[in-house]
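So the chains spell out like this:
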Amino acid sequence: MTRSEDSYHYNVIRRAIDEIDASGGEPLALDALAAKMDMSPAHFQRVFSRWVGVSPKRYQQFLTLGHAKILLAERFSTLETAQSVGLSGQGRLHDLFLRWEAMSPGEYAKKGEGLIIYWGWFDSPFGKSLVMGTDRGICGIGFAEETGPDVAFQDLISRWPNATYVESLDRLRDWVLAAYDPKSTQADKTPLHLIGSPLQIKVWEALLSIPSGHVTTYGQIAEKIGQPRAVRAVGTAVGRNPISWLIPCHRALRKSGALGGYHWGLPVKRALLAWESAELEQAEIS
């Protein structure tokens, strides 16, 4: 499947999320949901099968707000043991402890001064994505489906205001293709360049140890980095993660099971969690 097809299918899913929300918790039958998408039931079913590999009914269950609580109850990841029990052994690219390099605190304080950051727009499984990277690796991924492209662009460049920005799809394409290939296991093809404060780097490193299809809480992350009382600061650092999806901030939930916020919009967060839950379910079946 091409990235443009994935992007088209995500937009179908995004509309489906809106319809599911509007139903007030009542499940929508295949025929009814397909009609709202202006698609035949058979075509709608095929789109779902290609995109996530589970039925529309099952995917609706993954998209409900209560699914977050189910994840906490059944797929809660204690970060200390996630790797040792092998949870991330069969994961996708971003679950393989990506090769990453952090900018030094001194470099970070310069707000990107002397740094060349390449950028470009790419189709992703979750709509249009803005990808930025340095010579060392990807430093930013933002999704524009909810915020719009201008807001997404200004958001990322505001993090490193003194950098020089150069549009270059060619410099990023290989990394992006590897990152968005759900079957890719070649993590060395998508290096990450983490540009953040020391606390942010610690939080983002902890996020990398949450396996796909699993979740954790802000409190568990605070425990993991040795600052159990810094839950609020951890939440802020999670929200400031510039490399969406590859550093999976969408897997951090509130202790109550509520989704919490998501920088690129809650519909995107729910779609990310639903995609990963469906993928894990398929992996367990096969």
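Before any of the text, the structure's been laid out above.
Every value quoted in this text rests on a predicted model; they were computed, and no experiment measured them. (Residues numbered from 1 in each chain as written. Predicted model: local features only at pLDDT ≥ 70, side-chain atom pairs only at ≥ 80, totals over all residues. Heavy atoms only, no water.)

J.: Got a minute to help me understand the pattern of salt bridges in this structure?
T.: Close approach of charged atoms lets side chains of opposite charge pair. Evaluation of the coordinates by the stated rule reveals 5 salt bridges. A salt bridge links Arg-159 to Asp-155; the nearest nitrogen and oxygen atoms lie 2.9 Å apart. Of the residues examined, Asp-155 reaches a relative accessible area of 17% and is grouped as buried. As a salt-bridge pair, Arg-173 and Asp-170 come within 2.6 Å of each other at their nearest N and O atoms. (Salt bridge = Lys/Arg side-chain N within 4 Å of Asp/Glu carboxyl O. Buried < 20%, exposed > 50% of the residue type's maximum accessible area, 1.4 Å probe, protein only.)

J.: Teacher, can you tell me more about the packing of aromatic side chains here?
T.: Under the definition given, this model contains 1 aromatic pair. An angle of 65 degrees between the planes, with centres 4.8 Å apart, marks the rings of Trp-119 and Phe-153 as edge-to-face. Placement of Trp-119 in strand E2 (residues 116-124) and of Phe-153 in helix H7 (residues 149-157) is noted, with a sequence separation of 34 residues between them. Like Phe-153, Trp-119 is buried. Between the NZ or CZ atom of Arg-171 and the centre of the ring of Tyr-118, over which it lies, the distance is 4.2 Å. (Phe/Tyr/Trp six-rings, centres within 6.5 Å; stacked < 30°, edge-to-face > 60°. Helix = DSSP H or I, 4+ residues; strand = E, 2+ residues; numbered from the N terminus. Lys NZ or Arg CZ within 6 Å of the ring centre and 35° of its normal.)

J.: Help me understand the environment of Ala-278 in this model?
T.: Turning to its location among the elements, Ala-278 is positioned in helix H12 (residues 266-285). Each C-alpha atom, one on Ala-278 and one on Ser-55, is 9.5 Å from the other, the two residues being 223 residues apart in sequence.

J.: I would appreciate a short explanation of the nonpolar core in the present structure.
T.: Grouped burial of nonpolar side chains is what soluble globular proteins tend to show. Counting 61 residues, the largest nonpolar core has Met-132, Phe-143, Leu-207 and Val-238 as the members making the most contacts within it. Considering each element in turn, this core owes the most residues, 6 residues, to H12. Ignoring anything within four residues of it in the chain, the contact list for Met-132 reads Ile-117, Tyr-118, Trp-119, Ile-138, Cys-139, Gly-140, Phe-153, Leu-156, Ile-157, Trp-160, Tyr-165 and Leu-172. Core analysis: the next-biggest nonpolar cluster, separate from the first, contains 9 residues, Val-12, Ala-16, Ala-34 and Val-47 among them. (Core = buried A, V, L, I, M, F, W, Y, C linked by side-chain atoms within 4.5 Å. Contact = heavy atoms within 4.5 Å.)

J.: I'm lost on unusual backbone geometry in this one. Help?
T.: Where the residue is not glycine, phi is negative for most of them; where a peptide bond is considered, it is trans in most cases. In this model, Asp-38 sits at a positive phi of 60 degrees, which is unusual for a non-glycine residue. Secondary-structure assignment places Asp-38 in the loop between helix H2 (30-36) and helix H3 (41-51). Under the relative-accessibility criterion, Asp-38 is labelled exposed at 68%. Of note in the backbone geometry, Lys-111 takes a positive phi value of approximately 55 degrees without being a glycine. Checked against the element boundaries, Lys-111 lands in the loop between helix H6 (105-109) and E2. According to the relative accessible area criterion, Lys-111 is partly exposed, its value standing at 48%.

J.: I keep staring at the pairing of E2 and nothing clicks. Help me out?
T.: Every regular strand shows the same layout, with side chains that alternate between the two sheet faces. For E2 and strand E5 (residues 164-167), the ladder comprises 4 bridges, and the chain directions are parallel. By the bridge assignment for E5, Ile-117 is matched with Tyr-165. Direction of pairing for E2 relative to strand E3 (residues 127-134): antiparallel, over a ladder of 7 bridges. Looking at E3, one finds that Phe-122 is bridged to Ser-129. Connecting E2 to the antiparallel partner E3 that follows it, the hairpin turn spans 2 residues. (Pairing = 2+ DSSP bridges.)

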